Amino acid sequence: MGCNGCEPPPDVCEPERCDGLDNDCDDLIDEGVTLTLYRDTDGDHKGAGPGRQGCLAQGWVTNNSDCDDNNASLWQWVRYYRDADGDGFGAPGNWKDACGKPAGYVTDATDCNDGSTSIKPGAFKSCGIGACTNSIPACVNGAESACIPKPATTEVCDQVDNNCNGLVDDLPPVSCGVGLCQRTVAACANHCEWEEPRDGKPPVEVCTWGANICKPGTPRAEVCNGADDNCNGTADEGVLLTLYRDGDGDGHGAGAPIGTSCSLPAGTSSSGLDCNDANAAVRPGALKHCGVGACAASIQSCVNGMEQTCTPRPPATESCDQVDNDCNGQVDDVPPKTCGVGACIRSVAACAMGCWEEETEDGKPPRQMCEWGDHGVCVPGQPRTEVCANGLDEDCSGLPDDASDTSTWVQFFADQDHDGHGANWEPQSACRQPANTSRTPGDCDDNRADIRPGAVEVCDGIDNNCSGAPDESGVCEQSRC
């Protein structure tokens, strides 16, 4: 019987050993029995460097704990502790072994809070403010201590923060008296006295800090100011104004009183005699005006508490007297004087300054006298030669385009479709344009307004623009594209 395929089979099948031989006859050498070995250069039985798989041999060991594999006397690692807050003390639960101290590590493992530089062995932890301040060792037996402030007490005037709120002697101020006599003083103050020394020297001022003393002010006569001047607990008694609603803001109110006050709030008055509180122009003492020009009139707005009606004076016929007689807001707006016809028509203002020479009684030269009145003089323009077909009456005959000289007449072309272009045939001469004609010829179809010179040519076999040729400029080719 063979031993795992070895031929010839040995008498006894041996277990595999790490010796470079196939001890168990499975055609594999040292399978499963190799070790991870590290080089031991200095022979101190401590290895270093990268490991390799193999059998134990001279100069190789199974550990890599040598700190210096070239010095047999230096091999021991040292345990270092993490010092995260840099306070010189490390956390006991965070360590690493190394030949040299890594950055951020120390050999002291007594820190009880490695996240705070102020909490470490030998340091003190403080808490609370004012009289509640307390201080204890930060670390006790390796554990961080909890600092508990001392209990607060009621604040008193002793220059100490007794209630531990960060403010010293922050008592509410002390008030006394009423009205304008009311006074408010700080709760705490120095009480100072002059004391005579026993040695005959000048007196010295001695001050003691304690509760303050409040003294009310002195009363005075009551005036209307919204304050209690006489300090009896009531403000403005006997001196208040009676208020009326002043809806139009004219300084006078109406209706029943709406209250009392020392001053006049917006929309109020101390007078209740307004006869129209919706119109600021209507009030006691104000005049009401109506009408314009010669029709203007004025009356008192309010009489015996009743609003008065203003009636304008009646208008008269406008005349040239620098007065608005017809009361339309315009002075001397007499209709202008007109003369002439056609292009000769002229118009001048009816009112003007009329001047004349007047002899003096003392033999001196005459002087010019002027007065305002109905002195406007209208002079027609000068006729001109009539121009045909412009709609004007240049010769001032009363009719436009009525020249009798046929040499000045113009030709008109029949325009039946009213497209602004007449037919070229059978023109007629005239001065005044006949109906259904045009002075512009060139229409090649006077029965269609869409066929005329200047029209857009389209592909329809018709000369739309009267150019003499239908469908020119390739319009049919363009339409097919």
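Anything mentioned here points back to the structure above.
First, a word on what this report is: a plain description of the structure on this page. Fair warning: this is a prediction, and the values are worked out from it, not measured in the lab.

**Looking at the overall build of the protein**
And step 1. When helices and strands are tallied, the protein shows one helix and 28 strands.
And step 2. For the protein, the C-alpha atoms occupy an extent of roughly 165 × 120 × 55 Å along the three principal directions.
And step 3. Here the protein holds 481 residues, and the buried ones make up 28% of them.
And step 4. Here the contacts in the protein between residues at least 6 apart in sequence split such that 29% fall between residues at least 24 apart.
And step 5. Looking at the protein as shown, the accessible area adds up to about 29,900 Å², and 53% of this sits on carbon and sulfur atoms.
And step 6. The centroid of the 30 positive side-chain charges in the protein is displaced by 9 Å from the centroid of its 80 negative side-chain charges.

**Re the environment of Gly200**
And step 1. Tracing the backbone through its elements, the reader meets Gly200 in the loop between strand 13 (188-195) and strand 14 (204-211).
And step 2. Gly200 sits 141 residues away from Val341 along the chain, and the two C-alpha atoms are 129 Å apart.

**Topic: the packing of aromatic side chains**
And step 1. Summed over all chains, the structure comprises zero aromatic pairs.
And step 2. The residue whose ring lies beneath Arg52 is Trp60, and the NZ or CZ to ring-centre distance is 4.1 Å.
And step 3. In this structure, Arg82 is placed above the aromatic ring of Tyr105, and the distance from its NZ or CZ to the ring centre is 5.7 Å.

**Notes on the pattern of salt bridges**
And step 1. The final tally for this structure, using the stated rule, is seven salt bridges.
And step 2. The partner of Arg220 in a salt bridge is Asp229, and the shortest N-O contact between them spans 3.8 Å.
And step 3. Residue classification places Arg220 among the exposed residues on the basis of a relative accessible area of 52%.
And step 4. Given the relative accessible area of 1%, Asp229 is considered buried.
And step 5. Through salt bridges with shared partners, a single ionic network connects Glu14, Arg17 and Asp19.

**Examining the sheet that holds strand 4 (residues 78-82)**
And step 1. Across the sheet, which stays open at both edges, the three strands sit in the order 5-4-6 with antiparallel pairing between neighbours. Looking at the sheet topology across the chains shown, the edges are occupied by strand 5 (95-98) and strand 6 (105-106).
And step 2. With four bridges joining them, strand 4 and strand 5 adopt antiparallel strand pairing. Residue pairing for strand 5: Val78 is matched across the bridge by Ala98.

**Considerations on the nonpolar core**
And step 1. Core analysis: the biggest nonpolar cluster contains five residues, these being Cys112, Ile119, Ala123, Ala138 and Cys139.
And step 2. Apart from residues no more than four positions distant in its own chain, Cys112 is found in contact with Ile119, Ala138, Cys139, Gly142, Ala143 and Glu144.

**Looking at the side chain of Glu394**
And step 1. Residue placement: Glu394 occurs in the loop between strand 25 (367-373) and strand 26 (410-414).
And step 2. For the buried Glu394, no salt bridge exists, and the shortest N-O distance to an oppositely charged side chain is 5.0 Å, to Arg384.
And step 3. Residues within four places of Glu394 in sequence aside, it is in contact with Ala343, Pro383, Arg384, Thr385, Glu386 and Val387.

**Observations regarding the side chain of Asn325**
And step 1. As for its placement among the helices and strands, Asn325 is situated in the loop between strand 21 (306-307) and strand 22 (337-339).
And step 2. The exposure class of Asn325 is buried, given its relative accessible area of 10%.
And step 3. Those residues in contact with Asn325 that lie beyond four places of it in its chain are Ala294, Pro315, Ala316, Thr317, Glu318 and Ser319.

**A closer look at the state of the cysteines**
And step 1. Following the criterion strictly, the structure yields 19 disulfides and no others.
And step 2. Between Cys344 and Cys396 runs a disulfide, and the two sulfur atoms are separated by 1.6 Å. Between Cys344 and Cys396, the disulfide has an S-S torsion of 85° and is therefore right-handed. Highlighted residues: Cys344 in the loop between strand 22 and strand 23 (346-348) and Cys396 in the loop between strand 25 and strand 26, separated in sequence by 52 residues. Each member of the pair, Cys344 as well as Cys396, is classed as buried.

**Thoughts on the sheet that holds strand 27 (residues 428-430)**
And step 1. Judged by pairing direction, the sheet is antiparallel, and its three strands sit side by side in the order 27-26-28 without closing on themselves. Edge strands, defined here as strands with exactly one partner in the open sheet, are strand 27 and strand 28 (437-438).
And step 2. Relative to strand 28, strand 26 is paired through two bridges, and the arrangement is antiparallel. Its bridge partner lying in strand 28, Phe413 is registered against Ser438.

**Here's the deal with the environment of His418**
And step 1. The residue His418 is located in the loop between strand 26 and strand 27 in this model.
And step 2. Its relative accessible area of 56% is what places His418 among the exposed residues.
And step 3. Put simply, His418 and Glu16 are 402 residues apart on the chain and 128 Å apart in space, counted from C-alpha to C-alpha.
And step 4. At 3.3 Å, the side chain of His418 and the side chain of Asn436 are in polar contact.

What counts, and at which threshold
Residues numbered from 1 in each chain as written. Predicted model: local features only at pLDDT ≥ 70, side-chain atom pairs only at ≥ 80, totals over all residues. Heavy atoms only, no water. Helix = DSSP H or I, 4+ residues; strand = E, 2+ residues; numbered from the N terminus. Buried < 20%, exposed > 50% of the residue type's maximum accessible area, 1.4 Å probe, protein only. Contact = heavy atoms within 4.5 Å. Areas by Shrake-Rupley, 256 points an atom, 1.4 Å probe, with all protein chains shown as cover. Lys, Arg positive; Asp, Glu negative; His and termini not counted. Charge placed at Lys NZ, Arg CZ, Asp CG, Glu CD. Phe/Tyr/Trp six-rings, centres within 6.5 Å; stacked < 30°, edge-to-face > 60°. Lys NZ or Arg CZ within 6 Å of the ring centre and 35° of its normal. Salt bridge = Lys/Arg side-chain N within 4 Å of Asp/Glu carboxyl O. Pairing = 2+ DSSP bridges. Core = buried A, V, L, I, M, F, W, Y, C linked by side-chain atoms within 4.5 Å. Disulfide = S-S within 2.5 Å. Polar contact = N/O pair within 3.5 Å; in protein donor to acceptor, adjacent residues only side chain to side chain.

Structural measurements only, silent on function.
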